[in-house]
Protein chains: 2
Amino acid sequence: MSKPPSRPLTLRDVSEASGVSEMTVSRVLRNRGDVSDTTRQKVLTAAKRMGYVPNKIAGALASQRVNLVAVIIPSMSNMVFPEVMGGISRVLETSPLQPVVGVTDYIPEKEEKVLYEMLSWRPSGVIIAGLEHSDASRAMLQASGIPVVEIMDTDGTPIDAAVGISHRRAGREMGRAILRAGYRKIGFLGTRLGADHRARKRFEGFTEALAKSGIEISDTEFYTEGSALGKGREMTQNILKRRPDLDCLYYSNDIVGAGGLLWMIEQGYDIPEKIGLAGFNDVELLQGLPRKLATMDSCRAEIGRRAAEIILARVETPESASAGKVELSPKINFGDTLRLS
Amino acid sequence: MSKPPSRPLTLRDVSEASGVSEMTVSRVLRNRGDVSDTTRQKVLTAAKRMGYVPNKIAGALASQRVNLVAVIIPSMSNMVFPEVMGGISRVLETSPLQPVVGVTDYIPEKEEKVLYEMLSWRPSGVIIAGLEHSDASRAMLQASGIPVVEIMDTDGTPIDAAVGISHRRAGREMGRAILRAGYRKIGFLGTRLGADHRARKRFEGFTEALAKSGIEISDTEFYTEGSALGKGREMTQNILKRRPDLDCLYYSNDIVGAGGLLWMIEQGYDIPEKIGLAGFNDVELLQGLPRKLATMDSCRAEIGRRAAEIILARVETPESASAGKVELSPKINFGDTLRLS
DNA sequence: ATGAAAGCGCTAACAG
DNA sequence: CTGTTAGCGCTTTCAT
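Residues numbered from 1 in each chain as written. Chains lettered and ligands numbered in written order. Predicted model: local features only at pLDDT ≥ 70, side-chain atom pairs only at ≥ 80, totals over all residues. Heavy atoms only, no water.

- In the annotation of an unreviewed UniProt entry, chain A is listed under the name HTH-type transcriptional regulator GntR and assigned to Pseudooceanicola algae.

In structure tokens:
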């Protein structure tokens, strides 16, 4: 192993070492245009021997092409993200495009900053979570002139294209299913609404569905941070202490729901007969629980896949029209914690 | 909202719009050098009004500086990653450096490819999981001439610097603790060893500790993929059906361990009296379980933090020496599933 | 405090 | 099939 060079290798170094013009070296390394096998071998050998790694910065500037897709999401630790990312990656792997991730922590100012940073790299497209953005963010996206796909949510007006589900409808459908099953004293438990627009929309749809049957949420419990499973446990305990008469709990996500479920099993609650439980997301975790929590699939992998496909299509055919809004239809999974109607 | 321009804005556009030279515009936008307040305001106003976003590609090429740190990890969905990332982000947020993530899926060829891709962007540093890399990968890292920190593991020889724990020692210590508690018929359950070097090293350390007391692993159960919690459940069921006499189960990670624990609680096993359980990682999830699984902290957040600090120091003071190896010392947490010795 | 010139390392476009 | 020329959009360096 030779000691690190003070200056990174350039195309010119490979050119000189192989006795081939820079241009031809570039052609070989990018598999573009016709190059004779003899020259190709010479170049490849020299490049590999020297350990040359092309400089994409220079390449991107010269070609005005950056094969990066900015993916901007609120959180990493969420079970939702890895699956969306999986869907995106699988599609982009078949193309020269590469995803690059930015995280906003549900903070609009941070979203703006992350977006600015990413756009300054001139990516080929943007996939961004949610339809709610600051005016500045929207302006940047518009001005960028690149394909933008807003994901997860379809309740609103997309800047360009959107792929997701209607969280309002998801909440409404769960509300109706719960009523149909005969539950009447219903509690809601979840993240403090506000920054998380999708959780808020589910809550709104849910209360709306209840209201249509003349029913109001009996009680609510919110949390901000901490161990989600542990929070579910704690919140469930709190709400049931306050309102032992509740006969159904709707959680803003499966993880808090799972925490609640585990605690209630320990306590010997009669689920789903005396009390029903439901979450949201259909995370893998539920497969390992003693009883399967009722939930609703959030179509994460498909959202990622479709979003990436839209970007890909637009990059390959820039003149093609925007895909508009793609609304997927999640189904309720009753599991073992909700009576069937 | 005006319609997207066909060409992204350049410094020159801002220069013309504000009547200030490109150079001075550049100075204002980067807060470098002295610029009069009048000019500064003129430029800032124009840039904001036009929605100008600087082109970092060009900037990076001209300045030969890219404020990116490549972070290369095997997996995203793992509970381990977000915490490492959190540690890294918190440190880098105080600097101009930004992390960019690449995922290898535990596949050496993919690691090589991802590394090549990332290095071609000429990052300021690399944080990469593990000490095992292909020769080509090692060569690229050496040749890059940038600071490299290998994280998670310290059992081996780092290319440059390393921050982590000794997984061999972690396995050994857990083995000793289990023996001290009086367990003798011990089973191991985990991911198929091989690609996951750290899991393998824990297993080796573990068997080594048992061997010193003349004890052999009674039985093992491996899995490749699927729901981890569900797999833990399934594997535990399998191993106990085959060997009902086992009195302790060591899992390669907390998630499979948690799955096993949930199943055993349902089945009414006498934990930790008749049978003990232990995992590895100390993930947040455990806080919400009916009983707390015995485990060992893998120091993920601190590893991320320390790694980022090393990169930062080297970037700010290039002449400073490599940090060498930093071995953290995780402690066993006995939880409720292991008798105390 | 501001500007002009040169060039970062590569690729597009054209010539041969 | 191979080479030459002219930038990509910015920053460095040196003048003014």
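Now, onward.
## A closer look at the protein's contact with DNA strand C
Inference 1: Lining the immediate environment of DNA strand C, one finds 26 residues, of which Leu11, Ser26 and Tyr52 of chain A together with Arg27 and Asp34 of chain B sit closest.
Inference 2: Between DNA strand C and Leu11 of chain A, the relevant distance is 2.4 Å, taken from a phosphate oxygen to a main-chain nitrogen or oxygen of the residue.
Inference 3: Thr39 of chain B has a polar side-chain atom sitting 2.6 Å from a phosphate oxygen of DNA strand C.
Inference 4: Taken together, the elements giving at least two residues each to the surface near DNA strand C come down to helix H2 (22-30) and helix H4 (56-63) of chain A together with helix H2 (22-30) and helix H4 (56-63) of chain B.
Inference 5: Broken down by class, the residue content of the surface near DNA strand C amounts to ten nonpolar, ten polar and six charged. (Near = heavy atom within 4 Å. Polar contact = N/O pair within 3.5 Å; in protein donor to acceptor, adjacent residues only side chain to side chain. Helix = DSSP H or I, 4+ residues; strand = E, 2+ residues; numbered from the N terminus. Nonpolar A, V, L, I, M, F, W, Y, C, P; charged D, E, K, R; others polar.)

## Concerning the relation of the copies chain A and chain B
Superposing the two chain copies requires a rotation about an axis and a translation along that axis.
Inference 1: Least-squares fitting of chain A to chain B yields an RMSD of 0.2 Å, with the superposition described by an axial translation of 0.1 Å and a rotation of 180°. Within this description, the copies of the chain are treated as partners about a two-fold rotation axis. Across chain A, the smallest distance between a C-alpha and the rotation axis is recorded for Ile57 of chain A, namely 2.8 Å.
Inference 2: A share of 100% of the interface residues of chain A reappears at the interface of chain B, consistent with the copies meeting face to face through the same patch. (Least-squares fit on C-alpha atoms with pLDDT ≥ 70 in both. Contact = heavy atoms within 4.5 Å.)

## Notes on the protein's contact with DNA strand D
Inference 1: The full set close to DNA strand D counts 25 residues, and Arg27 of chain A together with Leu11, Met23, Ser26 and Tyr52 of chain B are the nearest of them.
Inference 2: Between DNA strand D and the protein, one listed contact pairs a phosphate oxygen with a side-chain N or O atom of Ser21 of chain A at 2.9 Å.
Inference 3: The side chain of Tyr52 of chain B places a nitrogen or oxygen atom 2.4 Å from a phosphate oxygen of DNA strand D.
Inference 4: Elements with a minimum of two residues in the surface near DNA strand D: H2 and H4 of chain A together with H2 and H4 of chain B.
Inference 5: Its residues assigned to classes, the surface near DNA strand D comprises ten nonpolar, ten polar and five charged.

## Let's talk about the interface of chain A and chain B
Inference 1: At the junction of the two partners, chain A supplies 48 residues and chain B supplies 48 residues.
Inference 2: Summed over both partners, the interface of chain A with chain B buries about 4500 Å², with 67% contributed by carbon and sulfur atoms.
Inference 3: In terms of surface lost to chain B, no three residues of chain A exceed Ile57, Trp121 and Arg122 of chain A, which account for 15% of the buried area on that side.
Inference 4: Counting every contact that joins chain A to chain B gives four salt bridges.
Inference 5: In this structure, Lys110 of chain A engages Glu93 of chain B in a salt bridge whose closest nitrogen and oxygen atoms are separated by 3.2 Å.
Inference 6: Applying the counting criterion to the chain A and chain B interface returns twelve residue pairs in polar contact (both at pLDDT 80 or more).
Inference 7: Contributing elements (two or more residues each) for the side of chain A that touches chain B: H4, helix H5 (80-92), strand E2 (98-103), helix H6 (108-119), helix H7 (135-144), helix H10 (228-242) and helix H11 (254-267) of chain A.
Inference 8: Residue contributions to the side of chain A that touches chain B peak at five residues, all from H4 of chain A.
Inference 9: Split by residue class, the side of chain A that touches chain B holds 29 nonpolar, eleven polar and eight charged. (Buried area = accessible area lost by both parts, 1.4 Å probe. Salt bridge = Lys/Arg side-chain N within 4 Å of Asp/Glu carboxyl O.)

## Focus: the pattern of salt bridges
Residues and elements named next belong to chain A.
Inference 1: Within the structure shown, the criterion is met by 50 salt bridges over all chains.
Inference 2: With its nearest N and O atoms 3.6 Å apart, the salt bridge here joins Arg12 to Glu16. With Arg12 and Glu16 both in helix H1 (residues 11-18), this residue pair falls four residues apart, about one helical turn.
Inference 3: Shared partners join several salt bridges into a network, and the residues in it are Glu302, Arg305, Arg306 and Glu309.

## Some details on the nonpolar core
Inference 1: Among the nonpolar cores identified, the biggest contains 98 residues, and Ile151 and Ile178 of chain A together with Ile151 and Ile178 of chain B are the most heavily contacted of them.
Inference 2: Not counting residues up to four positions away in its chain, the partners in contact with Ile151 of chain B are Val84, Ile127, Ile128, Ala129, Gly130, Val163, Ile303 and Ala307 of chain B.
Inference 3: Leu262 and Leu289 of chain A together with Ile255 and Val256 of chain B belong to the second largest nonpolar core, which has 50 residues in total. (Core = buried A, V, L, I, M, F, W, Y, C linked by side-chain atoms within 4.5 Å. Buried < 20%, exposed > 50% of the residue type's maximum accessible area, 1.4 Å probe, protein only.)

## Focus: the sheet that holds strand E9 (residues 276-278) of chain A
Residue and element names in this part refer to chain A.
Inference 1: If you walk across this open sheet you meet the four strands as E7-E6-E8-E9, and the pairing is parallel. Both outer strands of the open sheet, strand E7 (219-223) and E9, are each paired with one neighbouring strand and no more. Pairwise comparison of adjacent strand axes, ignoring direction, gives a mean angle of 15° for this sheet.
Inference 2: Relative to E7, strand E6 (residues 186-191) runs parallel, the two sharing five bridges. Paired with Gly190 across the strands is Phe222, a residue of E7.
Inference 3: Against the sheet, helix H8 (residues 167-180) touches E6, strand E8 (248-251) and E9, its axis set at about 165° to E8.
Inference 4: On the sheet, H11 packs against E7, E8 and E9 and is oriented at approximately 150° with respect to E8. (Pairing = 2+ DSSP bridges. Axes fitted to C-alpha atoms, helices over the stretch in contact; angles between N-to-C directions.)

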